[in-house]
Amino acid sequence: MSFDIALFLTQDGLTNGAIYALMALALVLVFAVTRVIFVPQGEFLAYGALTLASLEAGKLPGTIWLLLALGILAFLFDLPGLLRQRRARAALQSATWNLAVPLLIAALVYVMATEQTARPVQIALTCALVVPLGPLLYRVAYQPIADAPVLVLLIVSVALHFALSGLGLLLFGAEGVRTAPFSDASFTAGALVVSGQSLWVYACSVVLMALLYLFFDRTLYGKALRATAVNRIGARLSGISTVFAGRASFLLAASIGVFSGVLIAPITTIYYDTGFLVGLKGFVGAIIGGLISYPLAAAGALLVGLLESFASFYASAFKEVIVFTLIIPVLLWLSLRTHHDEEEE
Amino acid sequence: MRRGLLVLLAGLFAFAPALLSDYWTTLLDYIGLYALVVLGIVLLTGIAGQVSFGQAAFVGLGAYATAWLTTAHDASPWIGLLLGLLVTAVFALVLGLITTRLSGHFLPLGTIAWGLALFYLFGNLEFLGGFTGMSGIPPLQVLGHELRSAQSFFYPIWLCVLAAVLSIQWLLDSRSGRAIRALRSTASMAQSFGVDTATLKVKVFVYAALLAALSGWLYAHFQRFVNPTPFGLHVGIEYLFMAVVGGAGYVWGALLGAALITVLKQLLQSVLPQLVGSSGQFEIVVFGVLLIAVLHGAREGIWGWIDARITPLRPHRRMIAAAAAPAARARPAPDSVLLEVRAARKTFGGLIAVNDVSFEQRAGEILGLIGPNGAGKSTTFNLITGMLPLSGGEVRFRGQSLAGLPPARIARLGIARTFQHVKLVPGMSVLENVALGGHLRGGAGFVRGMLHLERAEERLLLAEAARQIERVGLGEHLHTPAGSLALGMQRIVEVARALAADPTLLLLDEPAAGLRYQEKQALARLLEKLRGEGLSILLVEHDMDFVMGLVDRVVVLDFGVKLAEGLPRTVRDDPVVIEAYLGA
Amino acid sequence: MPDALLEASLVSVAYGKVRAVQEVSLRVAPGTVVSVIGANGAGKTTLLCALMGLLPCTGGVRYAGEDVRELTTERRVARGLSLVAERRELFGSMSVHDNLLLGAFHRRRDPATHADLEAVFERFPRLRERHRQQASTLSGGERQMLALGRALMARPRLLMLDEPSLGLAPLIVHEIFRIVRELKDNGVSILLVEQNARAALQIADYGYVLETGAMALEGPARELEHDPRVVETYLGLGGKEDRERRTRGHGGVDRAGS
């Protein structure tokens, strides 16, 4: 292998790795706050990319129906509690967030989808459509069993992944999409050609990670999420609602997912089922961080990206196998290094 | 009554192939094949707590081994079975040695990793037919009959399921089974009573893999064709689904889960296209949504849901026959030095939890260890019992250094303990929990337990456990699930469990916490009696009345340092102790 | 009889098939200290968790005249009901300062939080010294102070304390009970759950005895202290002259927590 090829592979690996790192951060965030291993994280990436592609093509994205349906479902889930409590404010709140807001977003997208709109508007519409799915899914799938064992939550995640990937096919079809790049520029440094889009990926990932850091370290809401992750009962006793924390973490995770999808769609062809493997590789990174540490998770995900890039050069048919097999020794090493008593909380 | 009903149902079931159509018989055959795998998952994941996504790969090993041997070498399917089990055992042993060491969330990912790897291996090996697979596998022959139909295959499949159910039920009711049930939530407790948890996990892992391989072997001769698809990761996930939906903690949950998911998928595939046209992905959406709905309603799985509603609070009664006590240990000479702690030190990162603490305990003495929370008392216990490695210093028991010995070995020397945070297996009866304490006084292993060949020894262990429970005054609670007792009583169960180990040295971590005045008096009398019988007791306790009236000597710890040591009266008047601990 | 601040009527809690608390009724009048004593496992912690909304229960729970049974824990905190849990439930990997700040999460837009933080630091100077330290590095006594301080940041009208003396040196226990008295003098009503029956009854106006999930006895604390049934089961006969001496010497604290 020549130096140029190695350099190219590194660049390629880092680009994918940056996306995996974003996935890993979202997974760590969701797991720490809710104990949910969020297998469908990758679906947000796919949904984001596919929705953007629909808007780009001037078509009405299928996610619009999903948003409305989930909103109605979430309201129905709220209903028994609302009837019992008879509190007007709570009812109004539920109706606003589950019915009015989705309807408003849907109407907006319905009107604007077929118009020729600028790229930033399309991205904004994509976010408005797909990001609310995060908290809505939390409400519908996880909130009713928020205190179930991790294994049950994991199985729910897998089931949700099945449902969402099936829906993805129904809503978007089997065609792969690739969106227009943010910039056509490319930069040459010696033999290395770096595309503008790759730079966008790097820059946006770094900015997003910095923002997340500031959010968790400086704001009271960020601290409240961390507190929930550290001690759920303690958080409730401090007046921090676990429902709020759950929805907030799913909102963040969905944002990160959609954002990643928008970033990667110009580089890689995205199919309705692309999300799963991307999410799984993010998961590998997250696991390397022990599902606790954000920096370690990001580093682990970058490693996965690099590993995959080099593996596909040597044996492209086996790249998944190589990535997942090489993970075992890493896991073993981590597992032997971290002595934690599983039963002591 | 129940037994009669069960036999009746089983009898009816045996006639199923004669009564049902081909379609339903075939479905039942598949349910049986899946149930075999899921039974392994129940044991491995639901009971022993080791989440595995990779069982489908073991099914593949069993299927491919026989497929290759019978087609390429014209061997008998029975040789194929042997080879399949052998290959699977070797693979499972190696993978198990690696994977079961993985802790926490590393474990599921590890199983995903080798599940994927084996799948690609099947698809890429030429002699296994690649992704197209192998056909022309001969049918199974039993007593000269070729089993070609779904009807005839029904019997071998369901006999295997029956055998698997029985073996697991028997195993769980044995000495090894108690240890397995302790693996999930209280593994460190099991270790401190001599259970080699690492080896036990591997054994469970291998057994679950062998059940999967057996299913694979049956599958290969039933289908008479294999390709990699049914052994991939998605199928592995589906097996786990079956276990969780049926009830991962229940043996019958495996059968129920396998049946429900199989039938549900069939129904969805046949009904949905009629309802919504031919959009092929709709069934997976409905499948996912239904699963979520089931888990919302029954997070312990459907069998768990039934169990909680139908079965009353009925303890699992075990017969206790009169039996002689198992052999007891020789007691050391009274007043000889039993335990020496020399400059013991434990650091966690920069924090010094135990700072060069030294004391010794003599045989037949009750020594009290007192101090506020965080003083290092429990850490000292963990250093003595080998739960934590020493950072410095030395611990000697009857003259032998304990440095580097694992908890199970230290237990063997005659040290038994209780825990500050009670570590009982909540779903097991008091009797079974206490019998776990006598683990090292029996020797029957995994296989003997599975075949019910250890009944004589089991009687001995249970009788001894019952004796110890009577001794601590909980005789009326023998068959109560330990988790439903009040916390104070659970602590006493822990004392009985420690006594069942026939220890020389008993370490008690806050045994009186949560007891009322009268119960404390009774406990004090029991401990005095034990001392009279030559037992030595090291006691961590906060209740000064209780400690001072009972112990022979006291050691006071604060911030990991020994403040004072001596007779209760002198320690109580020690100005250092008053200043730092008791207050004026 | 004045209106009760907290009134529980026929509250029952079950864990699966096991009834942990059965038809328990109690009331806390404004400005008083009420103690619930009983053995560990009698259901004291379960009762507090139910009152706080951490566990589902049947029966009635009224706080300040309002039925709060449908309210979540967080809403009860916002209404002035706070619990210092037996296990303290601190945010171990976060700083002392952040722990306290989060105690006031429900009134995050209230500018008075800063003054309250100052007041907590006044009351517990040790916490000010360690305000940058992680909560997990604190000693047992400091943790209890932090837990108390965090609860106070919510400005409770009724403070529920679950075994505040648990696992602390007799010296610190003394200090904790002094603070409880101080809070009472500041008008905070207190529901105190303790195994340390003697200390709990000495500080209380009214007392309840909980046995295997049901109320066995109740009455003014002064009377309960001398009730022969309480003396025999929970306080001991006090026959040993030795203990009598120490008990008086330590302000009624007969043990070092548990």
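Residues numbered from 1 in each chain as written. Chains lettered and ligands numbered in written order. Predicted model: local features only at pLDDT ≥ 70, side-chain atom pairs only at ≥ 80, totals over all residues. Heavy atoms only, no water.

### Some remarks on the confidence of the model for chain A
Residues and elements named next belong to chain A. This prediction gives chain A a mean pLDDT of 88; 97% of its residues lie at or above 70. Across chain A, the element-wise mean pLDDT spans from 74 in helix α14 (residues 319-337) up to 97 in helix α6 (residues 133-142). Confidence drops under a pLDDT of 50 for residues 340-345, and excluding neighbours within four residues, the segment shows 14 contacts in the predicted structure. (pLDDT = per-residue confidence, 0-100. Helix = DSSP H or I, 4+ residues; strand = E, 2+ residues; numbered from the N terminus. Contact = heavy atoms within 4.5 Å.)

### Describing the pattern of salt bridges
One pass over the full model with this rule turns up 44 salt bridges over all chains. Ionic pairing is found between Arg87 of chain C and Glu89 of chain C, a salt bridge with its closest N-O pair at 3.8 Å. A residue is classified by how much of its surface remains accessible, and Glu89 of chain C, at 11% relative accessible area, is buried. The residue Glu142 of chain C makes a salt bridge to Arg130 of chain C at a minimum N-O spacing of 3.1 Å. Pair noted here: Glu142 of chain C is in helix α6 (residues 140-152) and Arg130 of chain C is in the loop between α5 (125-129) and α6, with a separation of twelve residues, a long-range link. Salt bridges sharing partners connect three or more residues here, namely Glu340, Arg342, Glu360 and Arg362 of chain B. (Salt bridge = Lys/Arg side-chain N within 4 Å of Asp/Glu carboxyl O. Buried < 20%, exposed > 50% of the residue type's maximum accessible area, 1.4 Å probe, protein only.)

### Structural notes on the packing of aromatic side chains
The tally for this structure, following the rule as stated, stands at 38 aromatic pairs over all chains. Centroid distance Phe13 of chain B to Phe154 of chain B: 5.3 Å. Interplanar angle 50 degrees. Geometry classified as tilted. In this pair, Phe13 of chain B is assigned in helix α1 (residues 2-14) and Phe154 of chain B in helix α7 (residues 150-172), connecting sequence segments 141 residues apart. Phe13 of chain B gets classed as partly exposed once you look at its relative accessible area, which sits at 30%. Between Tyr206 of chain C and Tyr208 of chain C the ring centres are 5.3 Å apart and the planes differ by 65 degrees, which places this aromatic pair in the edge-to-face class. Among the residues examined, Tyr208 of chain C registers a relative accessible area of 1% and is labelled buried. The side chain of Arg108 of chain C reaches across the aromatic face of Phe105 of chain C, ending 4.3 Å from its centre. The ring of Phe91 of chain C carries Arg150 of chain C above its face, with NZ or CZ at 4.8 Å from the centroid. (Phe/Tyr/Trp six-rings, centres within 6.5 Å; stacked < 30°, edge-to-face > 60°. Lys NZ or Arg CZ within 6 Å of the ring centre and 35° of its normal.)

### Observations regarding the confidence of the model for chain C
Residue and element names in this part refer to chain C. Per-residue confidence for chain C averages 85 on the pLDDT scale, and 89% of its residues sit at or above 70. This stretch, residues 239-258, has a pLDDT under 50; its non-local contacts, to residues over four places away or in other chains, come to 57 contacts. Complex prediction metrics read pTM 0.85 and ipTM 0.89.

### Some words on the sheet that holds strand β14 (residues 561-566) of chain B
All names here are of chain B. Read from one edge of the open sheet, six strands run β10-β11-β12-β7-β13-β14, paired in mixed fashion. Each of the sheet's edge strands pairs with one partner strand only, and the pair in question is β10 (415-417) and β14. The sheet shows a mean angle of 15 degrees between the axes of neighbouring strands, taken without regard to direction. Relative to strand β12 (residues 536-540), strand β11 (residues 505-509) is paired through five bridges, and the arrangement is parallel. The residue bridging Leu508 from the neighbouring strand is Leu539, located in β12. Strand contacts of helix α19 (residues 487-500): β10 and β11, with the helix running at about 165 degrees to β11, the strand carrying the most contacts. (Pairing = 2+ DSSP bridges. Axes fitted to C-alpha atoms, helices over the stretch in contact; angles between N-to-C directions.)

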